[in-house]
Amino acid sequence: MSQVFSEETHRNLLARIPHCTGREISDWLRTVEEGPALRFEERVSWLRHEHNLAYGHAKAIIHEYDLRRAARRLL
């Protein structure tokens, strides 16, 4: 079962990702964009296993990717 993060927790996770991984969020979003087309939890698992990320970081990246993709569709 997946965890549900509050908006504040999501933002805090995103803020820590560059420090913990050495890569900016934009780099991670590009990695997701170029990665396999999978469902949400499958993409989280893919990031975790391919890039050795913690579950919370992987989930925050995928969630942010989905939020930004949805926002682009609204424009």
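Here is a short report on the structure shown in this document. If you're wondering where the values come from, they're calculated on a predicted model, not measured in any experiment.

### Considering the overall build of the protein
The number of helices and strands found in the protein is 4 helices and 0 strands. Listed by position from the N terminus, the elements making up the protein come as α-α-α-α. Over its C-alpha trace the protein gives a radius of gyration of 12 Å, about what one expects of a compact globule, namely 11 Å for 75 residues. The proportion of buried residues among the 75 residues of the protein is 33%. In the protein, once contacts between residues fewer than 6 apart in sequence are set aside, the share between residues at least 24 apart is 49%.

### Let's talk about the environment of Val4
Examined against the element boundaries, Val4 turns out to sit in the segment before helix H1 (7–21). Measuring from C-alpha to C-alpha, the distance between Val4 and Ser45 comes to 16 Å, with 41 residues separating the pair along the chain.

### A look at helix H2 (residues 25–34)
Looking at H2, one finds that the buried residues are Ile25, Trp28, Leu29, Thr31 and Val32. On an axial view of H2, the arc spanned by its buried residues comes to 155 degrees, and they lie on one face. Among the structural elements, H1, helix H3 (40–51) and helix H4 (55–74) are those in contact with the buried residues of H2.

### Details of the packing of H2 against H4
Orientation of H2 relative to H4, taken along the N-to-C sense of each, is 80 degrees, at an axis distance of 10 Å. Of the possible angle classes, the one that applies to H2 and H4 is roughly perpendicular. Residues Ile25, Trp28, Leu29, Val32 and Glu33 of H2 touch H4, and the partners they reach there are Ile61, Ile62, Glu64, Tyr65, Arg68 and Arg72. Counted by class, the contact of H2 with H4 contains 7 nonpolar, no polar and 4 charged residues.

### Things to note about the side chain of His57
For His57, the position within the fold is in helix H4. With residues near it in sequence (within four places) discarded, His57 still touches Leu13, Ile17 and Cys20.

### Describing the side chain of Thr31
Structurally, Thr31 can be placed in helix H2. Relative accessible area serves as the criterion here: at 14%, Thr31 is assigned to the buried category. Apart from residues lying up to four places away in sequence, Thr31 is in contact with Arg23, Trp46, Leu47 and His51.

Scoring rules and cut-offs
- Residues numbered from 1 in each chain as written.
- Predicted model: local features only at pLDDT ≥ 70, side-chain atom pairs only at ≥ 80, totals over all residues.
- Heavy atoms only, no water.
- Helix = DSSP H or I, 4+ residues; strand = E, 2+ residues; numbered from the N terminus.
- Rg over C-alpha atoms; globule rule 2.2 N^0.38 Å.
- Buried < 20%, exposed > 50% of the residue type's maximum accessible area, 1.4 Å probe, protein only.
- Contact = heavy atoms within 4.5 Å.
- Arc of directions from axis to C-beta.
- Axes fitted to C-alpha atoms, helices over the stretch in contact; angles between N-to-C directions.
- Parallel < 35°, antiparallel > 145°, perpendicular 65-115°, else oblique.
- Nonpolar A, V, L, I, M, F, W, Y, C, P; charged D, E, K, R; others polar.

Any functional reading would require information that these geometric values do not contain.
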